[in-house]
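Architecture at a glance
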Amino acid sequence: MSKDDPNLRVKRAHSNVCQLKNIGPKSSAPFKFILETTPFPDDEDDAPPTGDWVITGRVLPNSDLYKTGSIRIQLVVGPDYPFGPPKVYVRSPIYHPNIDKNGEVCIDMLSNKDAWKPQTSFVAIIEEIIKIIDNPAMDHVKHPEAASLFDTNKVEYERIAKDLFTKNFLPRD
């Protein structure tokens, strides 16, 4: 994979968006995603706009806390992609140790330059997002208050998280 190929960014991102379409709610994939918007036209010959590309969709977590609904996320694909990771934001309000109040998600593959590989797929990112939503990681805290409560009073943490999720979740189809 060469940084010299001017079409590499478009090719990789378009291929990854096509893969996202295959992990919908009716798929047999263990991690599910509903693609809502993409900058890529259906016709592969049409180029997406220049600048950052925003891909919006919904993840379908598997944990008891979140399994009744879906959570909207955005992948913001910058001009350095695939050599730099996209930014990922949760756009549904959520109370979670690894998601800050602005919705920015902290997972190793996106925040650690050594962990990001240009071959990393959007599907792999979605899998990691769902894993972290289902199982918070205390080594990637973005919301200290939620992390502290998760650590000290899990029952209260789950009550607050469930209440916010119940008020804001989206359907799973």
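Presented here is a report on the structure given in the accompanying data block.

About the cut-offs
Residues numbered from 1 in each chain as written. Predicted model: local features only at pLDDT ≥ 70, side-chain atom pairs only at ≥ 80, totals over all residues. Heavy atoms only, no water. Axes fitted to C-alpha atoms, helices over the stretch in contact; angles between N-to-C directions. Helix = DSSP H or I, 4+ residues; strand = E, 2+ residues; numbered from the N terminus. Parallel < 35°, antiparallel > 145°, perpendicular 65-115°, else oblique. Contact = heavy atoms within 4.5 Å. Nonpolar A, V, L, I, M, F, W, Y, C, P; charged D, E, K, R; others polar. Salt bridge = Lys/Arg side-chain N within 4 Å of Asp/Glu carboxyl O. Buried < 20%, exposed > 50% of the residue type's maximum accessible area, 1.4 Å probe, protein only. Core = buried A, V, L, I, M, F, W, Y, C linked by side-chain atoms within 4.5 Å.

**What to know about the packing of helix α4 (residues 144-152) against helix α5 (residues 154-168)**
Contact geometry for α4 and α5: axes closest at 6 Å, N-to-C directions at 135 degrees. Between α4 and α5, the angle is such that the two are oblique. Touching Ala 146, Leu 149, Phe 150 and Thr 152 of α4 are Lys 154, Glu 156, Tyr 157 and Ile 160, all from α5. Residues belonging to the contact of α4 with α5 are distributed by class as follows: five nonpolar, one polar and two charged.

**A few points about the pattern of salt bridges**
All told, the structure shown has six salt bridges when counted by the stated rule. Between Glu 36 and Arg 72 there is a salt bridge whose closest N-O contact spans 2.7 Å. Within this pair, whereas Glu 36 is found in strand β1 (residues 32-37), its partner Arg 72 is found in strand β3 (residues 71-77), the two being separated by 36 residues in sequence. The class of Glu 36 is partly exposed, set by a relative accessible area of 29%. When the shortest N-O distance is used, the salt bridge between Lys 167 and Asp 163 registers 3.3 Å. Of this pair, Lys 167 and Asp 163 both sit in helix α5, four residues apart, which is roughly one turn of that helix. Within the structure, one salt-bridge network assembled from shared partners comprises Glu 36, Arg 58 and Arg 72.

**Describing the nonpolar core**
Ranked by internal contacts, the top residues of the largest apolar core, which has 43 residues, are Val 59, Tyr 66, Phe 122, Ile 126 and Ile 133. Of all elements in the fold, only α1 (8-20), β2 (53-60), β3, β4 (87-90), α2 (108-111), α3 (122-134), α4 and α5 reach the threshold of two or more residues within this core. Element by element, the count of residues in this core is highest for α3, at eight residues. If we skip the residues at most four places from it in the chain, Ile 133 touches Val 59, Pro 61, Tyr 66, Ile 71, Ile 94, His 96 and Ile 99.

Purely geometric numbers; function is a separate question.
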